[in-house]
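Chain and residue survey
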Protein chains: 2
Amino acid sequence: MRKEIPYKIYLAEDELPRQWYNVRADMKNKPAPLLNPDTRLPITEDELSAVFCRELARQELDDVNPYIDIPEPLIDFYRMYRPAPLVRAYCLEQKLDTPAHIYYKFEGNNTSGSHKLNSAIAQAYYAKQQGLAGVTTETGAGQWGTALSMACSYFDLDCRVYMVKVSHDQKPHRREVMRTYGASVTPSPSDTTEVGRKILAAHPGTGGSLGCAISEAVEAAVTSGGKYRYVLGSVLSQVLLHQSIIGLETKAALDKYGVKPDIIIGCAGGGSNLGGLISPFMGEMLRGEAEYRFIAVEPASCPTLTRGVYAYDYCDTGMICPLAKMYTLGSSFMPAPMHAGGLRYHGMTPVLSQLCADGLMEATSVTQTSVFDAAVTFARVEGILPAPESSHAIRAAIDEALKCKETGEQKTILFGLTGTGYFDMAAYGRHNDGSLTDYIPTDEEIAASLAQLPVVE
Amino acid sequence: MRKEIPYKIYLAEDELPRQWYNVRADMKNKPAPLLNPDTRLPITEDELSAVFCRELARQELDDVNPYIDIPEPLIDFYRMYRPAPLVRAYCLEQKLDTPAHIYYKFEGNNTSGSHKLNSAIAQAYYAKQQGLAGVTTETGAGQWGTALSMACSYFDLDCRVYMVKVSHDQKPHRREVMRTYGASVTPSPSDTTEVGRKILAAHPGTGGSLGCAISEAVEAAVTSGGKYRYVLGSVLSQVLLHQSIIGLETKAALDKYGVKPDIIIGCAGGGSNLGGLISPFMGEMLRGEAEYRFIAVEPASCPTLTRGVYAYDYCDTGMICPLAKMYTLGSSFMPAPMHAGGLRYHGMTPVLSQLCADGLMEATSVTQTSVFDAAVTFARVEGILPAPESSHAIRAAIDEALKCKETGEQKTILFGLTGTGYFDMAAYGRHNDGSLTDYIPTDEEIAASLAQLPVVE
C-alpha cells in the first residue's frame, strides 16, 4: 500500500545506517587486485599501509565481508548532516510534463557541499585512531579538499592539501574555505617536495596538474617519518564502501513508501558517488532479489566508460600509485578544460569497471552545454543550484523522463545529486553569457594515450 | 518528561505551519503608523498599493489579526526546503565546555542561502496573483536579490534587480546566481532611470549605495504603467509576518521535546530574521503565558538599537519611502564598509523598535573581528560555514554560554542561524590572513546624522 509521498523523505536519526555495505562481497567476478607498481604482483596490506592508514588498507583489500560497522564517533559526525534528504522531484516532473516519477538523493546538504564528506570523515577518523599527526592529499576542483579539511578539523588532525596551482589561483574562495577549516593549502607544483622542485625546474610557470599534486601529496606522506598518511577521495574501493551510506539511506527511505526505482542514475568521474548510491541496489541484483537499470553518466570530453578500454593502468599520471584494472583512457590522457573538474579523471573505480564489464551497468556520455541546460532547468524548478558534476546525472534523468513522456510509461527514476554549485558560478556565468563550448576528443587522441598503457603479464 | 534530543529536530511536512503569526495583534503598544512622506499623515492602503502589491499593502497595515493563512501554493514551495532544521549544538557545547544547552534554527538550507526566501516567495506569489508582469527590487550584499530571483523564477515572474554597483563588480558570483534564476541585474546607479542618470551626472564613477538602488527600483516600478511593483526584503511589517514561519517551526520543534528556551538571540539589520524568530515566543510573553529574554545583536559599526534614537525617519537614504517610527542612526548615516552587508542599515523594523522601547527586548553590539572568531569556532565544530550576518548571533550565543560556564547555570539558549557564508569567502580570507579590522563610529558621527532627522509634529 503506497502512502502519499512527501517532497522530502527524511529518515529519523535512529534510522541512520550503522554499517557500510561492501558490494564486492556479493560480486561473483571480484574486481581484479591492485598491483604493486614495481613488482607487478598483487599489493599486500603491509605495502598499502606505508601510504594509507592500516585500517583503510585493510578495507581496501576486503572483498569478502558484506557489512562493516561504522564506528560510533563517525555516527556522531554523520548525525550533523545526515540522513541526507531524498527528494521527490514533483516540480521537475511537472515542468517536464512526464508520467515518470523522479527522485534524487541530495548530498550537497553540508558545508563541504558534496558527498565527499562521507569518506573524508571516515579516513580522518582512522588516521586519528592510528595516532597520526595528520594526512596529506591533493585537490583539483576543491570539493575533496574542502571535505577533508572539515573532517580533519573535527578530529583535530593536521591537513595538508596540495591544490593544482591553476585552481588555487582561479578558485580563491575554495582555498579560503579549506583555510577556514584549518588546512594548509599549497599550490602545486611547489618547492616543498622533491618531485615539485623537479617539475618546477623542468616547466617554470606551469599551472600544475592533478597527477603532479598527487605525487607531491604522496611524497609528503611517505617522507614524514610515519606521522602522516596519504588519503584519496575517489577511485579506491574503501571510498565506495564509505559512500555506500548514500545508497543505504536512499533504499531505506524508498522502502518506507514501497517505492522501487526502475532506473538509477549517477555522474561518474572516479566513481565514488555512483558506486555509493547503487551499492545496496546492485547487491540485491547480484543476489537475484531484484532487477534495476543502472546508468553511469560521464562527460563527453572524458568518456572513460564509453570510449576507454578495460585494462590495468596507473591511477595517477605520476605512475607512483598501484596499478588498477579499470576502464581507462590511459593515464596520460589530458581531458580538455571543462567545468566539471570532479569528472576529469582518466580511469574509473575498479568495482564499477568490473560491473560494467559484466554488463550489469550501462554508461552514457553527455556534452557540457547540454549539462548546463539541464542544470538551469533543474535549479529554477527544484530550488537547488547543482554542481556541474551532479548536473550530468540531472541531464540523463531528464532525458529518461522525456522518453517516458513519449512512450507514456510511468517509470521511477532515481538519481544522485552529489553537490551544490556555489563555487562554480564562473561556469554558470559563461553559460548565462552563451559562451560555453563543448569538446569531444578524437579517436586518435584516445588511441594515443591508450598506446601508453603499462604492459601487465 | 524530556525525551533524548536528536542533533537535528525535523518537523514532518504535515507539521509545517499553515498560518503566519502577526505579533502586532498581541502588542499593547502597536508600532506607530507609517507616514506618507509628502503629507506626513498615516499612509493609506491605497497609497501603499501604488508601490506594493495590494495584498501586501493590506498585510503591512494589519495590526489586528493574529493569524493569516498561508496560501496553498506557498505551502507547496515551502515544502521544497522547509521545515528547516532546528539543531542541538552538541558539538559547540562540548567545545565551549558549557553546561548551557544551545539550539539554532538553520535557515541557510536552501539555494538562496538565507531566510530571505521565506518572504521573497510570498511577495512573488501576491504579485503573480495580482496579474503583474514582474517586480523590482534592490540588493546590496545579494542575499535578498538571490532569494527574490529564485521566487520569481518559480512563479514565472520577471525580476529586475538593481544591485549596488560596487557589489555588482565585487560579487560577480552572487550576480550570476541571480542571472541563472532568470533575473536581470542592473548595476546601480544606471542610465535606465531618471534618478540613476541624475546621480551619474553628479557623481561620475560612483560605486552606488543601497539608497540609490532603492530609488531606482521604486522608480522602475511606479513608471511601469502598473505592470510592476516594488518589493523589499526587510524592515516592513509584512516581511516580519512572513518570517514568523521561522519562529513557529522552532517553537513546534522545541515543544515536541518539552524544551523552553531561556534566551533567544538573533542578528539584527533590518530585523526580518530576528522578528520572525521571536514572534511566537514574544506573543506568549505579551499574553502573559511565558517569560523569555530576547537579545538583538547588531554590528558595533552600525549600532542602531544600542546607540540610535527612537524617532520617525526615512526608511531609505533617497527619502522617497514612507516615514517609519523606529530606532535609527539617521538615514544619512553611512556605516563603515564591513563584511556583514546585510546588517548595514541605519534603522530597525518598527515592530522590534517598539518592543525594544517597551523594554521587552535587549540589544547588544559586537565587533567584526570577534564575530569572525565566533564564526570560525562554530564552523569547525558544527560543520556549517555561517554568513557573517548570522555570526553576530553566534558571537552572542557563545558569550552567553560562556557566562553559564562561569556561573554553572544550565540555561537553554536558542539562536537564529540565518544563512551560509559561501559568497563571503573574501571576508573569511581576510580573517584567515589576520587583516580584518574593526570600526566603531564616534558619538560625533552619529550625532551628525541624527541632526538631520525629519521633523514630525
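Scroll up to find the structure this text is about.
Residues numbered from 1 in each chain as written. Chains lettered and ligands numbered in written order. Predicted model: local features only at pLDDT ≥ 70, side-chain atom pairs only at ≥ 80, totals over all residues. Heavy atoms only, no water.

Some words on the sheet that holds strand 11 (residues 293-299) of chain A
Backbone hydrogen bonds are what pair the strands of a sheet, in a parallel or an antiparallel way. Residues and elements named next belong to chain A. Rules: In this scheme, strands are said to pair when DSSP sees at least two bridges between them. Helix and strand assignments come from DSSP, with helices taken as H or I runs of at least 4 residues and strands as E runs of at least 2, each series counted from the N terminus. Note on definitions: a residue-residue contact is assigned when non-hydrogen atoms from the two residues lie within 4.5 Å. Fitted lines through C-alpha atoms give the axes, limited to the stretch in contact for helices. The angle between two N-to-C directions lies from 0 to 180 degrees.
Spatial ordering of the open sheet is given by 1-4-5-15-10-11-14, a layout of seven strands whose pairing is mixed. Across the chains shown, the open sheet's two edge strands, defined by having one partner strand only, are strand 1 (8-9) and strand 14 (362-366). Pairing of strand 4 (residues 86-88) with strand 5 (residues 101-106) involves three bridges; the strand directions are antiparallel. Looking at strand 5, one finds that Arg 88 is bridged to Tyr 103. In the packing of helix 11 (residues 237-256) onto the sheet, the strands contacted are strand 1, strand 4, strand 5 and strand 15 (412-417), and the crossing angle to strand 5 comes to about 140 degrees. The strands that helix 12 (residues 272-286) touches are strand 10 (263-267), strand 11 and strand 15; relative to strand 10, the one it contacts most, it runs at about 155 degrees.

Thoughts on the sheet that holds strand 8 (residues 184-188) of chain B
All names here are of chain B. Read from one edge of the open sheet, four strands run 8-7-6-9, paired in parallel fashion. Only two strands of the sheet have a single partner each, and these edge strands are strand 8 and strand 9 (228-230). Sheet twist, expressed as the mean angle between neighbouring strand axes with direction ignored, is 25 degrees. Sheet analysis places strand 7 (residues 158-164) next to strand 8, joined by five bridges and oriented parallel. What sits directly across from Met 163, in strand 8, is Pro 187. In the packing of helix 8 (residues 172-180) onto the sheet, the strands contacted are strand 6 (134-139), strand 7 and strand 8, and the crossing angle to strand 7 comes to about 170 degrees.

Focus: the relation of the copies chain B and chain A
This is how the line gets drawn: C-alpha atoms of residues with pLDDT of at least 70 in both copies form the basis for the least-squares superposition of the copies.
The two copies are related by a screw operation: chain B maps onto chain A through 180 degrees of rotation and 0.0 Å of translation along the axis, at an RMSD of 0.0 Å. Viewed as a symmetry operation, the transformation between the two copies matches a two-fold axis.

Quick notes on the environment of B:Val376
Looking at the element boundaries, B:Val376 is found in helix 15 (residues 368-382). Spatially, the C-alpha atoms of B:Val376 and B:Asp313 are 37 Å apart, while their sequence positions differ by 63 residues. In contact with B:Val376, not counting residues within four places along its chain, are A:Thr180, B:Tyr428 and B:His431.

Topic: the pattern of salt bridges
All names here are of chain A. Convention followed: Here, a salt bridge means any side-chain nitrogen of Lys or Arg that lies within 4 Å of a carboxyl oxygen of Asp or Glu.
Tallied over the entire structure, the rule returns 56 salt bridges over all chains. For Asp 443, the salt bridge identified is with Arg 307, shortest N-O distance 2.7 Å. Here the residue Asp 443 occupies a position in helix 18 (residues 443-450), and Arg 307 occupies one in helix 13 (residues 304-307), the gap between them amounting to 136 residues. When salt bridges with common partners are traced through the structure, they connect Arg 82, Lys 105, Glu 107 and Glu 249 into a single cluster.

Side note on empty space enclosed by the protein
Where we set the bar: In this analysis a 1.4 Å probe is tested at points of a 1 Å grid over the protein atoms alone, and where it fits but cannot get out there is a cavity; an open set with protein on both sides within 12 Å along at least five of seven lines is a pocket; lining residues have an atom within 4 Å of a point. Grid points are joined across faces, edges and corners, and a volume is the space filled by probe spheres set on the points. Charged residues are taken to be Asp, Glu, Lys and Arg, nonpolar residues to be Ala, Val, Leu, Ile, Met, Phe, Trp, Tyr, Cys and Pro, and polar residues to be all remaining types, Gly included.
Under the definition given, this model contains five cavities of 30 Å³ or more. In this structure, the largest cavity occupies an estimated 560 Å³ of space. Residue lining of the largest cavity: 41 residues in total, with A:Phe106, A:Asn109, B:Phe106, B:Asn109 and B:Asn110 positioned closest to the centre. Secondary-structure elements contributing two or more residues to the lining of the largest cavity are helix 3 (72-81), strand 4 and strand 5 of chain A together with helix 3 (72-81) and strand 5 (101-106) of chain B. Per element, the largest residue contribution to the lining of the largest cavity is three residues, and it comes from helix 3 of chain A. Taken together, the residues of the lining of the largest cavity sort by class into 24 nonpolar, twelve polar and five charged. Computed from the structure, the second largest cavity encloses a volume of approximately 50 Å³. As for the second largest cavity, its lining consists of B:Tyr21, B:Asn22, B:Val23, B:Arg24, B:Ser237, B:Leu240, B:Leu241, B:Ser279 and B:Val351. It is helix 11 (residues 237-256) of chain B that contributes the most residues to the lining of the second largest cavity, three residues altogether.

A few points about the interface of chain B and chain A
We apply this condition: Using a 1.4 Å probe, buried area is obtained as the accessible area two parts lose upon being combined, added over both of them.
Contact residues are listed per partner, giving 41 residues for chain B and 41 residues for chain A. Of the roughly 3800 Å² buried between chain B and chain A on both sides combined, carbon and sulfur atoms contribute 53%. Together, B:Thr180, B:Arg380 and B:Tyr422 form the three largest contributors to the area buried by chain B at its contact with chain A, with a combined 19%. Linking chain B with chain A are two salt bridges, by the criterion used here.

With respect to the packing of helix 15 of chain B against helix 16 (residues 388-407) of chain B
All names here are of chain B. Short version of the rule: For classification, angles of less than 35 degrees are called roughly parallel, those exceeding 145 degrees roughly antiparallel, those between 65 and 115 degrees roughly perpendicular, and all remaining angles oblique.
Interaxial distance between helix 15 and helix 16 falls to 8 Å at its minimum, and their mutual angle equals 85 degrees. In terms of orientation, helix 15 lies roughly perpendicular with respect to helix 16. From helix 15, Ser 370, Val 371, Phe 372, Asp 373, Ala 374, Ala 375, Thr 377 and Phe 378 reach across to helix 16, where they touch Pro 388, Ser 391, His 392, Ile 394, Arg 395 and Ile 398. Considered class by class, the residues forming the contact of helix 15 with helix 16 number eight nonpolar, four polar and two charged.

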